[in-house]
Every structure is written in structure tokens, then in C-alpha cells.
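Structural features, examined
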Amino acid sequence: HQADKRGGGARPVTLTGSGAAVDVRVDDLLALDEALDRLRTLDERLCRVVEMRYFAGLDDAEIAECLGVTVRTVGRDWVKARLILARELGRS
């Protein structure tokens, strides 16, 4: 149970370093890109929160400063964006 919770033995992936190949299915990346595009059409700020948090590694305070909103708004946007993306990715 604990191993599954911590990734189940999956190899950790970082976005920095030597640029070594990552075991990611192209279909999964395309589905994520399409889901982000749909999210962007629904709400640009939600998409930006996801991109800043997930891809740039910014915390809520940094995102709030960049977007000119409160930290609480960023937290709500993150929850909303995750729900929308989960629904969108479930369709794929």
C-alpha cells in the first residue's frame, strides 16, 4: 500500500538534468496537450495556473504574484483545473 502511494517503484522523473529519455507514452502527452487546449478555451487563467505549477514548478504565492491574484484564488483555480483536466483526460 505504501509503495503504491509513493509511486509503486516507478522511476522518478525530473525536468532538469541531462535530458535523458523519459518513459512517457506519446498518446498520453497528446491527450494532455489536447486537454490543456480545451481548458484554455474554458478559462485561460486556469490553464496558466496548471502550466506554472506543474511545468514551471512555481508555488501558489509565486503564481499569484505573476497573475496578479490572491494565493487563495490560485488554490481554488488549481482545484478547479485538476477536476476539469481529470474529466477531460477520462474522455480520451
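Everything numeric in this text was worked out from a predicted model, so none of it was measured.

Attention now moves to the overall build of the protein chain. Scanning the protein chain from N- to C-terminus turns up five helices and zero strands. From first element to last, N terminus to C terminus, the protein chain shows the α and β order α-α-α-α-α. Within the span of the protein chain, comprising 92 residues, buried residues form 22% of the whole. For the protein chain, the share of sequence-separated contacts (at least 6 apart) that also reach a separation of at least 24 residues comes to 47%.

Below, the discussion takes up the pattern of salt bridges. A side chain with one charge can pair with a side chain of the opposite charge if their charged atoms come near. Taken as a whole, this structure holds seven salt bridges when the rule is applied. In this structure, R38 engages E88 in a salt bridge whose closest nitrogen and oxygen atoms are separated by 2.3 Å. A residue pair is termed long-range when its members are at least 10 positions apart, and R38 in helix α2 (residues 26-42) and E88 in helix α5 (residues 71-91) qualify at 50 residues. The class for R38 is partly exposed, based on a relative accessible area of 29%. Owing to a relative accessible area of 4%, E88 belongs among the buried residues under this scheme.

Bringing helix α4 (residues 60-67) into the picture now. At 3.6 residues per turn, the α-helix brings residues three or four places apart onto the same side. All of the buried residues in α4 are I63, A64 and L67. Looking down the long axis of α4, one finds its buried residues gathered within 100 degrees of arc, a one-sided arrangement. Residues E65 and C66 are exposed on α4 and point more than 90 degrees away from its buried face. Against the buried residues of α4 lie α3 (44-55) and α5. Its side-chain oxygen 3.1 Å from the backbone nitrogen of A61, D59 forms the N-cap of α4. Directly after α4, the chain includes G68, whose backbone phi takes a positive value near 70 degrees.

Contact geometry of α4 with α5 gives a least axis separation of 8 Å together with a crossing angle of 105 degrees. By the angle class used here, α4 and α5 are roughly perpendicular. Note on element contacts: α5 touches α4 through V71, V74 and G75, opposite D60, A61, I63 and A64. Considering only residue class, the contact of α4 with α5 consists of five nonpolar, one polar and one charged.

What follows covers the confidence of the model for the protein chain. The predicted model of the protein chain averages 83 in pLDDT, with 73% of residues at 70 or higher. Confidence, expressed as mean pLDDT per element, reaches its minimum in the protein chain at helix α1 (residues 2-5) with 55 and its maximum at α4 with 97.

Cut-off values and rules
Residues numbered from 1 in each chain as written. Predicted model: local features only at pLDDT ≥ 70, side-chain atom pairs only at ≥ 80, totals over all residues. Heavy atoms only, no water. Helix = DSSP H or I, 4+ residues; strand = E, 2+ residues; numbered from the N terminus. Buried < 20%, exposed > 50% of the residue type's maximum accessible area, 1.4 Å probe, protein only. Contact = heavy atoms within 4.5 Å. Salt bridge = Lys/Arg side-chain N within 4 Å of Asp/Glu carboxyl O. Arc of directions from axis to C-beta. Polar contact = N/O pair within 3.5 Å; in protein donor to acceptor, adjacent residues only side chain to side chain. Axes fitted to C-alpha atoms, helices over the stretch in contact; angles between N-to-C directions. Parallel < 35°, antiparallel > 145°, perpendicular 65-115°, else oblique. Nonpolar A, V, L, I, M, F, W, Y, C, P; charged D, E, K, R; others polar. pLDDT = per-residue confidence, 0-100.

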